[in-house]
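A look at the structure
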Amino acid sequence: MRKRVGNKKESPPTSRDIQGTVRVQGKQKTQSKQWLKKGLFSLFVILILVPFTLRMLPQLIQHLVYTHRIRVPFFVDLGQPADLSLNHTINMYLTSEEGISLGIWHTVPENLWKEAQGKDWPWYQSTLGNGSPVFIYLHGNTGTRAAPHRVGVSKVLSALGYHVLVPDYRDAVSLYNWVKARSGSSLVVIWGHSLGTGVATNTAVNLMEQDVVLDGVILEGAFNTALEQIPFHPFTWYYWKFPGMGYIFPEPWAENKVVFPTEENLKKIRNPLLFLHSEDDHLVPVQHAQQMYEVAARTQNTDRVKFVSFDGSLGYLHNGLYRDPHLPDIIKKFVSSL
């Protein structure tokens, strides 16, 4: 007789098994909800909150463009310019017409360095009327006047016998008016670098509207918002990653406070201009500067508008022109033509 083989019955799940399965499923659902919440919150911050904040807070917009409050290099006391070998320089503060406190370095001509030791602010002000040309240097975005290339420009100009005023916050019209009230008939030249070239041309046009023509303007690494984005701006990626979002949230530099229509300004400016540009500039192609030079030269003439380029093999890139041994002679020649 054959034994009947029966199917083994599976034992029913115990209450412990059911509880374990429920716990695992519950944990997975909780984790999924947490990730979903985090993802939605991140999208809200990136796509909505950040651009909304940029649109609604003009002061924040200006800060993000200029980043003038980011103290780079770190651990530098701007109140002690002598720490950077600027031992004939004073740190001072002016209040602009808008009520903004402007931090400024005033470096006197190098031949006054001995006399400058221990002198106070009134003495430095009085020297502005000694007949030496005065330069207002408007540096680029990010960091402070303590950056090595900015200190380098001050040293070059001071060694040539010029006064140099370097503000961190670029309210150049107020600073120009303050300087002109104390410098008498001395030449006053504005030197803009990178983003500072946009401020320089804006200043020249604003002053022309007040019937004031600058003695001269130098544009180093000339920047044009019509041809390139603002260097190192932290949110430029947003606008080309998400096409069409610019309609809802305009780019921060599209607001009046940070617009630098350099090319359009050059069609209005009537003061002598000197363009300085390195052929290996990695931020602003030299071709863009040449285009702007041609616009300015057509508006005025090649006697009043000059373009000097520096060979790319020298490795100056965007910030290194102050190291060129020929730069002092180039600047002297330009000043003597004013």
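Residues numbered from 1 in each chain as written. Predicted model: local features only at pLDDT ≥ 70, side-chain atom pairs only at ≥ 80, totals over all residues. Heavy atoms only, no water.

Along its length, the protein chain carries twelve helices and eight strands. Evaluated residue by residue, the protein chain yields a buried proportion of 46% over its 338 residues. In the protein chain, once contacts between residues fewer than 6 apart in sequence are set aside, the share between residues at least 24 apart is 73%. (Helix = DSSP H or I, 4+ residues; strand = E, 2+ residues; numbered from the N terminus. Buried < 20%, exposed > 50% of the residue type's maximum accessible area, 1.4 Å probe, protein only. Contact = heavy atoms within 4.5 Å.)

Each pair of packed helices gets described by two things: the angle between the helix axes and the distance between those axes. As a packed pair, helix α6 (residues 172-183) and helix α7 (residues 195-208) sit with axes 9 Å apart at the nearest point and diverge in direction by 60°. Taken together, the axis directions place α6 and α7 in an arrangement best described as oblique. α6 and α7 meet at a crossing whose hand is right-handed. Contacts from Ala-172, Val-173, Tyr-176 and Asn-177 of α6 reach α7 at Val-199, Thr-203, Asn-206 and Leu-207. (Axes fitted to C-alpha atoms, helices over the stretch in contact; angles between N-to-C directions. Parallel < 35°, antiparallel > 145°, perpendicular 65-115°, else oblique. Left-handed = near helix turned anticlockwise from the far one by under 90°.)

The bulk of non-glycine residues show a negative phi, and the bulk of peptide bonds are trans. One non-glycine residue with positive phi stands out, namely Ser-85, at about 65°. Along the chain, Ser-85 turns up in the loop between α2 (58-66) and β1 (89-95). Look at Asp-211: it is not a glycine, yet its phi comes out positive at around 65°. Positionally, Asp-211 belongs in the loop between α7 and β6 (216-220).

Counting 40 residues, the largest nonpolar core has Leu-165, Leu-266, Leu-273 and Phe-275 as its most contacted members. If we skip the residues at most four places from it in the chain, Leu-165 touches Met-92, Ile-104, Trp-105, His-106, Leu-128, Val-134, Phe-135, Ile-136, Tyr-137, Leu-175, Trp-178 and Val-179. By size, the runner-up hydrophobic cluster in this structure holds 20 residues, among which are Phe-135, Trp-191, Ile-218 and Ile-331. (Core = buried A, V, L, I, M, F, W, Y, C linked by side-chain atoms within 4.5 Å.)

The subject of this paragraph is helix α11 (residues 286-299). For α11, spanning 14 residues, the distance from its first C-alpha to its last is 20 Å, which sits close to the expected 20 Å at 1.5 Å a residue. Residues of α11 that are buried include every one of Val-286, His-288, Ala-289, Met-292, Tyr-293, Val-295, Ala-296 and Ala-297, and no others. The inward-facing, buried residues of α11 abut α10 (262-266), β7 (273-278) and β8 (305-310). (Expected span 1.5 Å × (residues − 1).)

Right, let's talk about the environment of Val-213 for a bit. Locating Val-213 in the fold gives a position in the loop between α7 and β6. Look at Val-213 and you get partly exposed, because its relative accessible area is 48%. A C-alpha to C-alpha distance of 9.7 Å links Val-213 and Pro-272, two positions 59 residues apart in sequence. Those residues in contact with Val-213 that sit more than four places away from it in its chain are Arg-270 and Asn-271.

All right, on to the pairing of β7 then. Counting buried residues in β7 gives six out of six residues, a clear majority hidden from the surface. By the alternation rule, side chains of β7 split into Leu-273, Phe-275 and His-277 and Leu-274, Leu-276 and Ser-278, which are all buried. As paired strands, β6 and β7 are joined by four bridges and run parallel to one another. By the bridge assignment, Ile-218 is partnered in β7 with Leu-274. Pairing analysis gives six bridges linking β7 to β8, with the strands arranged parallel. Note on β8: the bridge partner recorded for Leu-276 is Val-308. On the question of chirality, the crossover connecting β7 to the parallel β8 by way of α11 is right-handed. (Pairing = 2+ DSSP bridges. Right-handed = clockwise from strand over helix to strand, strands pointing away.)

Enumeration over the complete set of coordinates arrives at three salt bridges. The partner of Arg-145 in a salt bridge is Asp-168, with the nearest N and O atoms 3.0 Å apart. With Arg-145 in the loop between β3 (134-138) and α5 (148-159) and Asp-168 in the loop between β4 (163-167) and α6, this pair connects stretches of sequence that are 23 residues apart. Just as Arg-145 is buried, Asp-168 falls in that class too. (Salt bridge = Lys/Arg side-chain N within 4 Å of Asp/Glu carboxyl O.)

With that out of the way, let us pick up the sheet that holds β3. Hydrogen bonds between backbone groups are what pair the strands of a sheet, and the pairing can be parallel or antiparallel. Taken together, eight strands build an open sheet; the order of strands is β1-β2-β4-β3-β5-β6-β7-β8 and the sheet is mixed. Edge strands, defined here as strands with exactly one partner in the open sheet, are β1 and β8. Shown here is a sheet whose adjacent strand axes are inclined to one another by a mean of 20°, direction ignored. Pairing geometry for strand β2 (residues 101-107) and β4, over four bridges, is antiparallel. Within β4, the position partnered with Trp-105 by the bridge is Val-166. The sheet contacts of helix α12 (residues 327-336) involve β3, β5 (188-193), β6, β7 and β8, and relative to β7 the element is tilted by about 165°.

Per-residue confidence for the protein chain gives a mean pLDDT of 81; residues scoring 70 or more make up 69%. Confidence drops under a pLDDT of 50 for residues 63-67, and excluding neighbours within four residues, the segment shows 23 contacts in the predicted structure. (pLDDT = per-residue confidence, 0-100.)

Okay, the side chain of Ser-278 next. Secondary-structure assignment places Ser-278 in strand β7. Only 2.3 Å separates the side chain of Ser-278 from the side chain of Asp-280, close enough to count as a polar contact. Beyond its immediate stretch of four places on either side in the chain, Ser-278 contacts Val-286, Phe-310, Tyr-316, Leu-317 and Leu-321. (Polar contact = N/O pair within 3.5 Å; in protein donor to acceptor, adjacent residues only side chain to side chain.)

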